Amino acid sequence: MECYLDNSATTRPSDSAVAASARAMTEVWGNPSALHRIGDEANALLESSRKTAAKFLRAGSSEVYFTGCGTDSNNLAIFGTVRALRRRGNRIVTTAVEHPSVEEPMKRLEEDGYDVVRLPVDGNGCVDPDDLAKAVTKDTILVSMMLVNNEVGSIMPLSAARTAIRRAKAPALLHCDGVQGFGKLPVTPKELGVDLLSASAHKIHGPKGVGLLYVKSGTRILPYLLGGGQEGGLRSGTEGMPAIAGFAAAIGDLGDFGTVEKNLQRVTGLRDSLLQQLNGIDYTVNSPENALPYILNLSIPGIPSEVLRNSLSEKGVYVSTGSACSKGHRSTVLTQMGIAPERIDSAIRISFSATTT
Ligand code: PLP
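Note that the coordinates shown come from a computational prediction; the quantities given were computed from them, not determined experimentally.

**Quick word on the overall build of the chain**
Per the secondary structure count, the chain includes 12 helices and 12 strands. Here the chain has a C-alpha radius of gyration of 21 Å; the compact-globule value for 357 residues is 21 Å, and the two agree. Taken along its principal axes, the extent of the C-alpha atoms in the chain is 65 × 50 × 35 Å. A buried classification covers 56% of the 357 residues belonging to the chain. On the chain, roughly 15,800 Å² of surface is accessible, and the fraction owed to carbon and sulfur atoms is 52%. Positive and negative side-chain charges in the chain, numbering 37 and 37 respectively, have mean positions lying 5 Å apart.

Next up, the structure:
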């Protein structure tokens, strides 16, 4: 028996996603920009996919832009905002535990002279709302904060970021890397108070190589990928229809927020049952108590992460050690949370999906 428990890295594409992708390669294979029947059919599929995504987010179709992946969405949101607002200020606020697809653009902006403030997290992997309030000043042009941390599952206080921007009377846009929360938490961009929200298909049983960026109506950002002006000019390049159609099918599988809520309860049960079965083993949970249950980070002292991962892999159980040493460096997230180095060296990430049994 195999047990795949690395769903935060990627998920197995659902049957309906595979079928929708195949259909977009065999039947509806036209270029959505082409002005004839074959193109019109592809365009209809593109727009119905957009509608599915928008409906799920309880947003308008004109607020959803398809991109090449979650990384693309994050880069577009960050560089697009800074390009649009660069005359309004020089300060950018983010967290010290963002995914590299946010952190690396931040480093580039720092090299370009922007003042990037990275807020620390507490032992629960969370930013302090008071720190946010202090960090956001009237010359802040962007606040970028993830919804769910990909290593430990902590849920960030997005509403405190919105309040901080309002109080400071800052021109800042609020961007949220929602890749690990999309389809797992029943929250809309509107409820989160964000202007920009990134998501990625392969974390919710869709294909790899497609993401989306929600851009709140009336928000102006500028593209960094220039070309034929697809996706309202924000993300040029002929739309990756097989992936987009598969993404829409995967979103369709999610159903509505009622199902998202049910999945959340079920996965909480799975996580708790797994922990119960570890009874008798000396382990420490690194994920905070109120983390998204889909992500469980734990350490078994004395067993190096890689040894445990490889040994489990030989038995057909797949987990991740992305949270431990990468390229000789210890996990920034666990280090920031104040976890001792020995514990970090034996940390593994177990991640569930709505289809895990
Ligand atoms: N943001 C977070 C929090 C992630 O976990 C990931 C992927 O692991 C990404 C962004 C990047 O998404 P993609 O793989 O679609 O580029």
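**Brief notes about the site of the ligand**
Taken together, 14 residues form the shell around the ligand, and within it Thr71, Asp177, Gln180, Ser200 and Lys203 come nearest. Note that a nitrogen atom of the ligand is positioned 2.7 Å from one of the side-chain N or O atoms of Asp177. Within the side chain of His202, an N or O atom sits 2.9 Å from an oxygen atom of the ligand. Relative to its unbound accessible area of 390 Å², the ligand is 87% covered by the protein chains. Along the lines of polarity and charge, the residues of the shell around the ligand split into 3 nonpolar, 9 polar and 2 charged.

**Some details on the packing of helix H1 (residues 15-26) against helix H8 (residues 241-254)**
Packed helices, taken two at a time, are described by the angle between their axes plus the distance between the axes. Here H1 crosses H8 at 150°, and the two axes come no closer than 7 Å. As judged from the angle between their axes, H1 and H8 are roughly antiparallel. The handedness of the crossing between H1 and H8 is right-handed. Of H8, the residues touching H1 (which contributes Ser16, Ala17, Ala20, Ser21, Ala24 and Met25) are Met241, Pro242, Ala245, Gly246, Ala249 and Asp253. Split into classes, the residues belonging to the contact of H1 with H8 amount to 8 nonpolar, 3 polar and 1 charged.

**Some remarks on H8**
It helps to recall that an α-helix has 3.6 residues per turn; residues three or four apart then point in one direction. Helix length check: H8 (14 residues) gives 20 Å between terminal C-alpha atoms against 20 Å at 1.5 Å per residue, within 8%. In terms of burial, H8 is largely enclosed, as 11 of its 14 residues are buried. Every buried residue of H8 is listed here: Met241, Ala243, Ile244, Ala245, Gly246, Phe247, Ala248, Ala249, Ala250, Ile251 and Leu254. As for H8, its buried residues are in contact with H1, helix H2 (37-57), strand E2 (64-67), strand E7 (196-200), strand E8 (211-215) and helix H9 (257-277).

**What about the sheet that holds strand E10 (residues 295-299)?**
Each strand in a sheet pairs with another by means of backbone hydrogen bonds, the pair being arranged parallel or else antiparallel. Strand order in this open sheet of 3 strands is E9-E10-E12, and the pairing throughout is antiparallel. Two strands lie at the open edges of the sheet, namely strand E9 (284-285) and strand E12 (347-351), each paired on one side alone. Of the strand pairs in this sheet, E10 and E12 are connected by 5 bridges, and their pairing is antiparallel. By the bridge assignment, Leu298 is partnered in E12 with Ile348.

About the criteria used
Residues numbered from 1 in each chain as written. Predicted model: local features only at pLDDT ≥ 70, side-chain atom pairs only at ≥ 80, totals over all residues. Heavy atoms only, no water. Helix = DSSP H or I, 4+ residues; strand = E, 2+ residues; numbered from the N terminus. Rg over C-alpha atoms; globule rule 2.2 N^0.38 Å. Buried < 20%, exposed > 50% of the residue type's maximum accessible area, 1.4 Å probe, protein only. Areas by Shrake-Rupley, 256 points an atom, 1.4 Å probe, with all protein chains shown as cover. Lys, Arg positive; Asp, Glu negative; His and termini not counted. Charge placed at Lys NZ, Arg CZ, Asp CG, Glu CD. Near = heavy atom within 4 Å. Polar contact = N/O pair within 3.5 Å; in protein donor to acceptor, adjacent residues only side chain to side chain. Nonpolar A, V, L, I, M, F, W, Y, C, P; charged D, E, K, R; others polar. Axes fitted to C-alpha atoms, helices over the stretch in contact; angles between N-to-C directions. Parallel < 35°, antiparallel > 145°, perpendicular 65-115°, else oblique. Left-handed = near helix turned anticlockwise from the far one by under 90°. Contact = heavy atoms within 4.5 Å. Expected span 1.5 Å × (residues − 1). Pairing = 2+ DSSP bridges.

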